[in-house]
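Here is what each chain is made of, one letter per residue.
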Amino acid sequence: MYGSSTSYSEPEPHDHSAPTPPRLLRSFTISNQIMKSGRQRTRLASLAGVVPMAPTPHIGHIRFKDEVPEIPSTNPRTPTFFHISLPHHSLRSPPTLISSTAMPTSKPLNLFLILTVTINLCFAELPSFREAPAFRNGRECPKTAWSALDKKIHNPSIIHIAMTLDTAYLRGSIAGVFSVLHHATCPENIVFHFITTHRRGAELRSAITSTFPYLNFHLYHFDTNLVKGKISSSIRRALDQPLNYARMYLADLLPAGVRRIIYFDSDLIVVDDVIKLWSINLRSHVLGAPEYCNANFTNYFTSKFWTNPVFTASFKGRSRNPCYFNTGVMVIDLWKWREGKYREKLENWMRIQKRYRIYELGSLPPFLLVFAGDVEGMEHQWNQHGLGGDNLEGLCRALHPGPVSLLHWSGKGKPWLRIDSKKPCPLDSLWAPYDLFHHPSFFSDS
């Protein structure tokens with residue numbers, strides 16, 4: 001069922017005995033809310049004037065005449081609520097429609113407008129971005145090329161980076177790509193591998209192509225049916241999205257010629273040359289990532305896990321004690337991954353989770369269960385994570401001590417959302433220079 005979000009100010013005393021002079025309705029408060037209803041969502045934008053107190057409000061609908069709302073006459077002592085409902089195809093030009101509501105009226109203080117725009121996100125227009133500059137290799141960069149047809153040829157001069165791509169995090173992904181290219185010595189030697197679902201794949205490809213005309217990238221479609229029956233609900237809904245589990249299937253999605261891959265989440269920026277991360281020596285390990293052994297490892301699993309000796313035995317035989325690592329930044333040897341059948345091991349823990357409920361944090365715990373204690377540790381500067389706060393409130397956080405090569409807004413708070421809400425955290429200003437989002441002018445006073 002659709003809901004509405006309204007916002008208005010405490011009314012000023014008003015003398016109802018004196019006539020109100022005509023003026024334009026120019027002052028209003030905007031509040032947005034996304035609500036889900038099956039495949040459709042409703043964006044509620046409330047245009048609120050100052051409403052005087054009255055015992056019984058009047059609720060009606062506004063009729064349109066030549067695209068201009070026609071306001072019926074009402075009792076001037078009664079606050080009047082009018083509901084404007086627009087189909088999703090009007091979404092492209094709401095500023096025009098809203099400015100047309102600024103019409104002369106003799107009862108401006110008694111008018112309360114609620115604008116409801118119903119959109120189907122399958123058809124809603126993607127955000128637009130400014131075109132990034134062309135980034136060229138330095139003189140010291142080897143001249144090389146990579147083709148997906150090279151099934152067994154590994155070229156260490158080509159840096160392979162994998163990221164997921166969807167409508168919700170597109171702005172973060174664009175900023176992440178831009179940051180990598182901006183700081184790379186050999187940007188033309190970087191190949192991006194974007195994982196997306198079948199929905200809107202063509203539009204997402206177009207968004208990447210128009211923003212980065214010179215980017216070498218490939219798009220892969222992830223079949224969400226592979227994980228839908230295996231995902232358990234977690235403490236934050238964003239962690240339950242099928243695409244969040246696509247990192248488990250990189251070895252199945254990418255060409256066999258890609259031996260090594262860097263996996264990046266879509267809420268981070270790189271402020272160093274990515275070749276340094278690419279060149280890490282994994283030695284005998286399948287996966288490399290910064291480890292945080294001071295974190296309380298027991299917090300990542302429920303008491304059902306720790307009281308079951310069969311489950312806890314999974315950590316025996318590891319090269320060292322298991323430590324927490326964040327899966328938003330990983331370097332993975334895909335050939336060893338395939339040989340060790342690690343995707344099957346991760347899926348097995350997901351099945352156990354469905355039956356016994358041994359953790360609460362989405363796709364992270366299976367990685368800890370399979371790899372913790374057998375990870376090639378990296379410098380912490382390559383994942384200054386947690387800048388999005390915790391998974392419940394997303395409060396502001398400071399940097400960890402030490403140098404910084406990568407800033408990661410893991411947690412609930414995302415920099416683009418906080419910036420748009422005019423409530424940024426101090427560190428969000430470090431993300432903003434990489435934001436290529438084209439900010440339109442929604443409302444005009446002219």
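Located above this text is the structure these notes cover.
These numbers were taken from a predicted model, which means no experiment stands behind them.

A.B. asks: How would you explain the side chain of Asp272 if you had to name every residue and give the values?
C.D. replies: By the secondary structure assignment, Asp272 is in the loop between strand S14 (268-270) and helix H6 (275-278). Polar side-chain contacts of Asp272 include one of 2.9 Å to the side chain of Lys276. For Asp272, the side chain forms a polar contact with the side chain of Ser405, separated by 2.9 Å.

A.B. asks: Summarise the pattern of salt bridges; cite the residues concerned and give the values.
C.D. replies: A full pass over the atoms with the stated rule returns 15 salt bridges. Of the charged contacts in the structure, one is a salt bridge between Asp265 and Arg247, with a shortest N-O distance of 3.4 Å. In this pair, Asp265 sits in the loop between strand S13 (260-264) and S14 while Arg247 sits in the loop between helix H4 (225-228) and helix H5 (250-253), placing the two residues 18 residues apart along the sequence. When sorted by exposure, Asp265 lands in the same class as Arg247, which is buried.

A.B. asks: Give me the lowdown on the environment of Trp382, citing residues and values where you can.
C.D. replies: Assignment of secondary structure puts Trp382 in the loop between strand S18 (376-378) and strand S19 (406-408). Taking the C-alpha atoms as reference points, Trp382 and Leu406, separated by 24 residues in sequence, lie 5.0 Å from one another. When sequence neighbours within four positions are dropped, the list of residues in contact with Trp382 reads Val270, Asp272, Asp273, Val274, Lys276, Leu277, Pro290, Val329, Ser405 and Leu406.

A.B. asks: Go over helix H2 (residues 170-183), please, and point to the residues and values.
C.D. replies: The end-to-end C-alpha separation of H2 is 20 Å, in line with the 20 Å expected for 14 residues at 1.5 Å each. H2 sits mainly inside the fold: 12 of its 14 residues count as buried. Where H2 is concerned, the buried positions are Leu170, Arg171, Gly172, Ser173, Ile174, Ala175, Gly176, Val177, Phe178, Ser179, Val180 and Leu181.

A.B. asks: Tell me what's going on with the state of the cysteines, and back it up with residues and numbers.
C.D. replies: For the coordinates displayed, the defined rule picks out three disulfides. Residue pairing for Cys141: its cysteine sulfur links by disulfide to Cys186, the two sulfurs lying 2.0 Å apart. The sign of the -95° torsion about the S-S bond sets the Cys141-Cys186 disulfide as left-handed. Of this pair, Cys141 sits in the loop between strand S9 (111-120) and strand S10 (159-164) while Cys186 sits in the loop between H2 and strand S11 (190-196), and the two are 45 residues apart along the sequence. On the accessibility criterion, Cys141 (9% relative accessible area) is buried. Among the residues examined, Cys186 registers a relative accessible area of 19% and is labelled buried. Disulfide pairing is shown between Cys293 and Cys323; the S-S distance is 2.0 Å.

A.B. asks: Give a description of the side chain of Asp265 that names residues and reports values.
C.D. replies: Note on Asp265: relative accessible area 15%, which makes it buried. Reaching out from Asp265, the side chain makes a polar contact with the side chain of Tyr263 at a distance of 3.3 Å.

A.B. asks: Lay out unusual backbone geometry with the relevant residues and their values.
C.D. replies: Phi is positive for Arg357, which is not a glycine, with a value near 55°. Locating Arg357 in the fold gives a position in the loop between helix H10 (342-356) and helix H11 (364-371). With a phi close to 65°, Lys422 is a non-glycine residue in the positive phi region. Relative to the assigned elements, Lys422 resides in the loop between helix H12 (415-420) and helix H13 (428-431). Among the residues examined, Lys422 registers a relative accessible area of 71% and is labelled exposed.

A.B. asks: Describe the environment of Ile231, with residues and values.
C.D. replies: In this structure, Ile231 sits in the loop between H4 and H5. For Ile231, a relative accessible area of 13% translates into the label buried. When the C-alpha positions of Ile231 and Gly362 are compared, they lie 7.7 Å apart, and in sequence the two are 131 residues distant. Setting aside chain neighbours within four positions, we find Ile231 in contact with Asp240, Gln241, Pro242, Tyr245, Met350 and Lys354.

A.B. asks: Now, about the pairing of S11: what can you tell me, with residues and values included?
C.D. replies: For S11, the tally of buried residues reaches seven of seven residues, placing the bulk of the element in the interior. By the alternation rule, side chains of S11 split into Ile190, Phe192, Phe194 and Thr196 and Val191, His193 and Ile195, which are all buried. Here S10 runs beside S11; their pairing, made up of six bridges, is parallel. Directly across from Ile159, in S11, lies its bridge partner Ile190. Running through H2, the crossover from S10 to the neighbouring parallel element S11 is right-handed. Bridge count for S11 against strand S12 (residues 217-221) is five bridges, and the pairing is parallel. The residue bridging Phe194 from the neighbouring strand is Leu219, located in S12. In the classification by handedness, the crossover that spans S11, the intervening helix H3 (residues 201-211) and the parallel S12 is right-handed.

Conventions we followed
Residues numbered from 1 in each chain as written. Predicted model: local features only at pLDDT ≥ 70, side-chain atom pairs only at ≥ 80, totals over all residues. Heavy atoms only, no water. Helix = DSSP H or I, 4+ residues; strand = E, 2+ residues; numbered from the N terminus. Polar contact = N/O pair within 3.5 Å; in protein donor to acceptor, adjacent residues only side chain to side chain. Salt bridge = Lys/Arg side-chain N within 4 Å of Asp/Glu carboxyl O. Buried < 20%, exposed > 50% of the residue type's maximum accessible area, 1.4 Å probe, protein only. Contact = heavy atoms within 4.5 Å. Expected span 1.5 Å × (residues − 1). Disulfide = S-S within 2.5 Å. Pairing = 2+ DSSP bridges. Right-handed = clockwise from strand over helix to strand, strands pointing away.

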